[in-house]
Amino acid sequence: GEDHPGEETDYGRDAPPGLQREAAHYFGYVYFRQVKDPSVKRGYFQKSLVLVSRLPYVNLFQCLLQLIAPEYFDKLDPCLEAVCSEIDQWPLPVPGRMLNLPLMGVVIQVRVPSRVDKLGSSPDKPVNQENLLPAPLVLSSVYELDLFRCFQPVLTHVQLLWELMLLAEPLVVLAPSPAVSSETVLALTSCLAPLKYCCDYRPYFTIHDSEFKEYTTRTQAPPNIVLGVTNPFFIKTLQHWPHILRLGELKMAGDLPKQVKMKKLAKLRSLDAKPGLYSSYKTFLHKDKGLLKRLLKGIHKKRSSEAQSALLRRYFLELTQSFLIPLEHYMASLMPLQKAITPWKNPPPIRPFQQEEFLRTLEHAGPQLTCVIKGDWIGLYRRFFRSPNFDGWYRQRHKEMTHKLEVLHLEAISEANIGTWMKHKSEVEVVDLVLKLREKLVRARRHHLSVKEETVQRVGQYITTILRSLPEDLQAVLCPQ
């Protein structure tokens, strides 16, 4: 469902910020196979199957590859042709809807999240209502990673990493394999939900990438980007980056995953530098020791990775929401009052976002109302205002508010008395109104505004009424046959 422009906007309107189609990039999902084969020069048979999409459905697409790739390596192209013709029959992804996706004798069942889902609640588990036989392969999420597994070596630093992501700091993740590199980068960019991470990120970046020169140059500051890499050579070329997370193979200390330590960047000299978070970053917020205690308790109680991930996800969500709620409240106060929206005048503009005015609201309505974590919240907001994540959030909210204003204005027009307005109006004014109302209806359709159908019909009837009041020659110009 990548080439349906009509549905594209519906999907964009209803899907959560983190599940939007990527306009500028494709995601590549890879199944890599390496088998010993003495007849090959390298001694190994190596092949990859890659699925390309604009959608960030990590779980679903990795699951597809697990099913398709082994068959493909065995039967080659005929297998892919059969798979593609099955996928062509799949329904479009509709936010809020359960999908049944038949593939190679299996039915994958998964729900696409919606913007209106209650945040933090676990999604409804798919139910085999249609008595599908064989029983469907049920995925608990279309996109969520096993956060606990991804963050195992950095559990003591998740709050610091959340701040780095919030402020869009340049970060390199040097991992032992492409799989660990990709998962860690995707876990990091997802930990801001429901705030969208608005910068670029590369789950697996190599020296062959076209931006390699741009990212390794020392003549300019590193860009706001998260890079996942595996080649130790990057330690030398990216030494000027402010934050480098070096991960090794996961080691256990008894029951606990061994935690990487914070280290000074100056110590990152040799290619065999030890695992660690190399950064001189000082957090704005005080460390929440309760999270680690809860996770450790889970480890001792042998709690499942899924339950530990849910705990982590809830923690990130509550932290992000405590940060966002004051911003949302202030933003809502910039909207014109409903009584100021009258039918025959353009609505008043949305007031500009004044940073200092917002910061003054924090004393009575700041994050302390919903969050126990103390620290320099004001300093964190000031830094956030300079990041692309603030810009992206503000533009999106401003766009939504502008659309809401347009809907309210259309409703005000539809409830007004057109006959009273038309009295004593010149032809020029009447024609001008016809053109403006038409433009409003076009915009409502183009932007998929949530206007009631009856409002649209009533405004349409007004246009007809006005046109009938005009001389025939003008009607002919305005309504060419």
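Structure report, in brief.

What counts and how
- Residues numbered from 1 in each chain as written.
- Predicted model: local features only at pLDDT ≥ 70, side-chain atom pairs only at ≥ 80, totals over all residues.
- Heavy atoms only, no water.
- Axes fitted to C-alpha atoms, helices over the stretch in contact; angles between N-to-C directions.
- Helix = DSSP H or I, 4+ residues; strand = E, 2+ residues; numbered from the N terminus.
- Parallel < 35°, antiparallel > 145°, perpendicular 65-115°, else oblique.
- Left-handed = near helix turned anticlockwise from the far one by under 90°.
- Contact = heavy atoms within 4.5 Å.
- Buried < 20%, exposed > 50% of the residue type's maximum accessible area, 1.4 Å probe, protein only.
- Pairing = 2+ DSSP bridges.
- Patch = residues over 30% accessible without salt bridge, like charges linked within 9 Å, V, L, I, M, F, W, Y side chains within 5 Å.
- Areas by Shrake-Rupley, 256 points an atom, 1.4 Å probe, with all protein chains shown as cover.
- Salt bridge = Lys/Arg side-chain N within 4 Å of Asp/Glu carboxyl O.
- Expected span 1.5 Å × (residues − 1).
- Nonpolar A, V, L, I, M, F, W, Y, C, P; charged D, E, K, R; others polar.

## As for the packing of helix α10 (residues 305-333) against helix α13 (residues 388-414)
Okay, step 1: For the pair α10 and α13, interaxial distance at closest approach is 12 Å and the crossing angle is 40°. Classed by the angle they form, the pair α10 and α13 counts as oblique. Judged by the sense of rotation from one axis to the other, the crossing of α10 with α13 is right-handed. Here Leu324, Leu327, Glu328 and Met331 of α10 come into contact with α13, specifically with Trp393, Tyr394, Arg397, His398 and Met401.

## A word on unusual backbone geometry
Okay, step 1: For the peptide bond that leads from Ala193 to Pro194, omega is 10°, which places it in the cis range.
Okay, step 2: Positive phi values are uncommon outside glycine, yet Lys302 reaches one of about 55°.
Okay, step 3: The residue Lys302 is located in the loop between α9 (289-300) and α10 in this model.
Okay, step 4: The phi torsion at His448 lies on the positive side, around 50°, for a residue other than glycine.

## Some thoughts on the pairing of strand β6 (residues 171-174)
Okay, step 1: The side-chain alternation of β6 yields two buried faces, one formed by Leu171 and Val173 and the other by Val172 and Leu174.
Okay, step 2: Examined bridge by bridge, β6 and strand β8 (residues 225-229) share four bridges and lie parallel to one another. By the bridge assignment for β8, Leu174 is matched with Val229.
Okay, step 3: Both β6 and strand β9 (residues 243-246) contribute to a ladder of four bridges, which runs parallel. Note on β9: the bridge partner recorded for Leu174 is Arg246.

## Side note on the sheet that holds strand β13 (residues 276-279)
Okay, step 1: Read from one edge of the open sheet, six strands run β7-β8-β6-β9-β13-β12, paired in mixed fashion. With partners counted over all chains shown, the strands left at the sheet margins are β7 (200-202) and β12 (262-263), one partner each.
Okay, step 2: Pairing geometry for β7 and β8, over three bridges, is parallel. Looking at the pairing, Asp200 lines up with Ile225 of β8.
Okay, step 3: Contacting β6, β7, β8 and β9, helix α6 (residues 178-190) crosses the sheet at an angle of about 160° to β8.

## Details of a nonpolar patch on the surface
Okay, step 1: A contiguous nonpolar surface patch, about 500 Å² in accessible area, is contributed by Tyr26, Val30, Phe32, Val50 and Val52.
Okay, step 2: Put simply, the parts of the chain that give the nonpolar patch at least two residues each are β1 (27-36) and β2 (44-53).
Okay, step 3: Along the polypeptide, Val30 turns up in strand β1.

## Thoughts on helix α15 (residues 427-446)
Okay, step 1: Along its 20 residues, α15 runs 29 Å from first to last C-alpha, staying within 8% of the 28 Å computed at 1.5 Å per residue.
Okay, step 2: Looking at the buried side of α15, the elements it contacts are α13, α14 (418-422), α16 (453-468) and α17 (472-478).

## Considering the sheet that holds strand β3 (residues 98-103)
Okay, step 1: Spatially, the three strands line up as an open sheet ordered β3-β4-β5, and their pairing is mixed. Two strands in the sheet have a free side with no partner beyond their single neighbour: β3 and β5 (137-138).
Okay, step 2: For β3 and strand β4 (residues 106-111), the ladder comprises six bridges, and the chain directions are antiparallel. When the sheet's bridge partners are listed, Met98 is paired in β4 with Arg111.
Okay, step 3: Each of β3, β4 and β5 is contacted by helix α2 (residues 58-75), which is oriented at about 170° to β4, the strand it contacts most.

## Some thoughts on the packing of helix α11 (residues 355-365) against helix α12 (residues 377-385)
Okay, step 1: In the contact formed by α11 and α12, the axes pass within 11 Å of each other and the chain directions differ by 155°. What the angle tells us is that α11 and α12 run roughly antiparallel. Regarding α11 and α12, the two cross each other, and that crossing is right-handed. Facing α11, whose interface residues are Gln355, Glu356, Phe358, Leu359 and Leu362, α12 presents Ile378, Tyr381, Arg382 and Phe385.
Okay, step 2: Looking at the contact of α11 with α12, its residues break down into six nonpolar, one polar and two charged.

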